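# Secondary and tertiary structure notes
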Amino acid sequence: MFKFKKLMAVAAACALSVAAFTGCGGDQQATSGSGAASGEKILRVGCSADFAPFEFQDETQKEFQGFDMDLIRAIGKEMGREVEIKDMGFDGLIPALQAKNIDAIISGMTINEERQKNVNFSDPYYEAGLTMIVRDNEEAIKKFQDLKGKKVAVQIGTTSAEEVKKIEGVEIKELNTPADCFMELKANGVDAVVNDKPVNEYYITKSGATGVKELTEKLTAENYGIAMSKDNADLQKEINAALKKLKDNGEYQKIYDKWFGGAKK
Ligand code: GLN
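What you see is a predicted model; the values in this text were computed from it and never measured. (Residues numbered from 1 in each chain as written. Predicted model: local features only at pLDDT ≥ 70, side-chain atom pairs only at ≥ 80, totals over all residues. Heavy atoms only, no water.)

### A few points about the overall build of the protein
Selection rule: Helix and strand assignments follow DSSP, with helices taken as H or I runs no shorter than four residues and strands as E runs no shorter than two, numbered in order from the N terminus. Partly exposed residues are those whose accessible area sits between 20% and 50% of the maximum for their type, while under 20% is buried and over 50% is exposed, using a 1.4 Å probe and protein chains only. It only takes one pair of heavy atoms within 4.5 Å for two residues to be counted as in contact. Residue-level accessible areas treat just the shown protein chains as cover; the underlying method is Shrake-Rupley with a 1.4 Å probe.
Of regular secondary structure, the protein possesses 11 helices and 14 strands. In the protein, buried positions account for 44% of the 265 residues. When contacts within the protein are restricted to residue pairs at least 6 apart in sequence, those whose partners lie at least 24 apart make up 66%. In the form shown here, the protein has an accessible surface area of approximately 13,800 Å², with 51% of it arising from carbon and sulfur atoms.

### Considerations on helix α10 (residues 233–248)
Note the following rule: Multiplying one less than the number of residues by 1.5 Å gives the expected span of a helix. To obtain the arc, one takes the directions from the helix axis to the C-beta atoms.
An ideal rise of 1.5 Å per residue puts 22 Å on 16 residues; α10 measures up with 23 Å between its terminal C-alpha atoms. Within the sequence span of α10, burial applies to Leu235, Ile239, Asn240, Ala242, Leu243 and Leu246. In a view along the axis of α10, the buried residues occupy a sector of 165 degrees, so they form one face of it. Exposed side chains of α10 directed beyond 90 degrees from the buried face belong to Asp234, Lys237, Lys244 and Asp248. Close packing links the buried residues of α10 with β1 (42–47), α4 (67–79), β14 (227–229) and α11 (251–260).

### What about the side chain of Asp103?
Mapped onto the fold, Asp103 is located in the loop between α5 (93–98) and β5 (104–105). For Asp103, the contacting residues outside a window of four places in its chain are Ile42, Leu43, Arg44, Arg81, Leu97, Ala227, Met228, Ser229 and Leu235.

### Some details on the nonpolar core
The condition is simple: Within this scheme, the nonpolar core is defined by two criteria: the residues are buried Ala, Val, Leu, Ile, Met, Phe, Trp, Tyr or Cys, and they are joined through side-chain atoms within 4.5 Å.
Residues Phe67, Leu71, Ile75, Tyr125 and Tyr126 are the most contacted members of the largest nonpolar core, which totals 37 residues. Element by element, the count of residues in this core is highest for α4, at 7 residues. The residues touching Ile75, leaving out its near neighbours within four places in the chain, are Ile226, Ile239, Ala242, Leu243 and Leu246. Val134, Leu147, Val194 and Leu215 belong to the second-largest nonpolar core, a separate cluster that totals 15 residues.

### Here's the deal with the side chain of Thr158
Summarising the element assignment, Thr158 is placed in the loop between β9 (151–155) and α7 (159–165). For Thr158, a relative accessible area of 11% translates into the label buried. Setting aside its immediate chain neighbours within four residues, Thr158 contacts Phe90 and Arg115.

### Description of the site of the ligand
Short version of the rule: Residues are classed as near a molecule or strand on a simple rule: at least one heavy atom within 4 Å of it. Here a polar contact is recorded for every N or O atom pair within 3.5 Å, except that within protein the pair must consist of a potential hydrogen donor and a potential acceptor, and residues adjacent in sequence are included only if both atoms are side-chain atoms. Each residue gets one label: Ala, Val, Leu, Ile, Met, Phe, Trp, Tyr, Cys and Pro are nonpolar, Asp, Glu, Lys and Arg are charged, and the others, such as Gly, are polar.
In the region of the ligand, 13 residues are neighbours, and Gly108, Arg115, Gln155, Thr159 and Asp196 sit closest. Note that an oxygen atom of the ligand is positioned 2.5 Å from one of the side-chain N or O atoms of Gln155. At 2.7 Å from an oxygen atom of the ligand is found a main-chain nitrogen or oxygen belonging to Thr159. Protein contacts shield 100% of the accessible area of the ligand, which totals 300 Å² for the unbound molecule. Residue composition of the shell around the ligand, by class: 4 nonpolar, 6 polar and 3 charged.

### Structural notes on the packing of aromatic side chains
Test applied: Any Phe, Tyr or Trp ring, taking Trp's six-membered ring, that has another such ring centre within 6.5 Å forms a pair; planes under 30 degrees apart are called stacked, those over 60 apart edge-to-face, and the others tilted.
Scanning the model with the defined rule gives 19 aromatic pairs in all. For the ring pair Tyr126 and Tyr224, a centre distance of 5.5 Å and an interplane angle of 25 degrees mean the geometry is stacked. Taken together, the residues span a long stretch of sequence, with Tyr126 in strand β7 (residues 126–128) and Tyr224 in strand β13 (residues 222–224) at a distance of 98 residues. A residue is classified by how much of its surface remains accessible, and Tyr126, at 7% relative accessible area, is buried.

### Details of the packing of α4 against α11
Between two packed helices, what matters for the description is the angle formed by their axes and the separation of those axes. In plain terms, the rule: For helices, the axis comes from a line fit to the C-alpha atoms of the stretch in contact; other axes are also lines fit to C-alpha atoms, and the angle between any two N-to-C directions lies between 0 and 180 degrees. Reported orientations rely on four angle classes, namely roughly parallel under 35 degrees, roughly antiparallel over 145, roughly perpendicular from 65 to 115, and oblique for the rest. Working rule for handedness: look at the near helix, and if it is turned counterclockwise from the far one by less than a right angle, call the crossing left-handed; if clockwise, right-handed.
Contact pair α4 / α11: the axes reach a minimum separation of 9 Å and the direction vectors enclose 165 degrees. Classified by the angle their axes make, α4 and α11 are roughly antiparallel. In the packing of α4 onto α11, the handedness of the crossing is right-handed. For the pair formed by α4 and α11, the contact residues are Phe67, Asp70, Leu71 and Ala74 on the first element and Tyr252, Ile255, Tyr256, Lys258, Trp259 and Phe260 on the second. Each residue belonging to the contact of α4 with α11 can be placed in one class, and the counts come to 8 nonpolar, no polar and 2 charged.

### Regarding α11
Listing the buried residues of α11 in full gives Tyr252, Gln253, Ile255, Tyr256, Trp259 and Phe260. Projected down its long axis, α11 shows its buried positions confined to an angular sector of 160 degrees, all on one face. Facing away from the buried side of α11 by more than 90 degrees, the exposed set consists of Lys254 and Lys258. Taken together, the buried residues of α11 touch β3 (55–56), α4, β7, α9 (197–205) and α10.

### Thoughts on the sheet that holds strand β10 (residues 171–175)
Condition: A strand pair is defined by DSSP finding two or more bridges across the two strands.
Spatially, 5 strands are ordered β10-β9-β11-β8-β12 in an open sheet, and the strand pairing comes out mixed. Lying at the two open borders of the sheet, with one neighbouring strand each, are β10 and β12 (212–214). When strand polarity is set aside, the average angle formed by the axes of neighbouring strands in this sheet is 30 degrees. Of the pairings in the sheet, the one linking β9 to β10 comprises 5 bridges and is parallel in character. In the strand pairing of β10, Val154 is matched with Glu174.

Quick look at the structure:
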């Protein structure tokens, strides 16, 4: 019923705007009222929405959910730009940025030298690192060095993939999403999953995972940043300014508390 009412309201609004403009939603510029070109107003942000609690889809909600999603919307608001989220595979994000299909990436993306050759990063906005998930009854794997001779699932294109490759004698399975990795572990296709700590923690504590456990050893210390095109230094400045403002005015902390339960940053 609610949905139907909403639909009627939208239909009515469209009918009205048809009189004023040429169509419904057809021309962003005409309806924005600011005179800015539509392309400049909308900030197109790519993410790989498979990474709860940073970016994911909740079937009860239309919008993408998560810490990154709230943060980038707050940043957009500060900048006076509407944020449009585009969901794609993690390994396709930097190519999409380079092809100018998106203006920025927020996707739990670790700032590292390799990526810095191709993109600019914002100031760090979250500190993470890698941990490992194994089956409950796993006895042989207690730390990363125990992975020698074992099969490990990682998400393709991630720092997990990179780090696990450095451990000698590991058989790596690079899969599309962390969910695919967890499934593979449960199906005995691999012995361990290496992935970002906050995502592993969320999987264990919030998504009702059974039969698996997270090991405490943390392999790396990593910082997440928002990635942008190398030739858009202005955007980098604007995003950093907005991020700083949100940190200073407590908004960042509010978003942090919402997703990470009030621990102080
Ligand atoms: N932080 C990791 C990386 O940057 C994983 C990110 C992700 O899977 N969304 O590679």
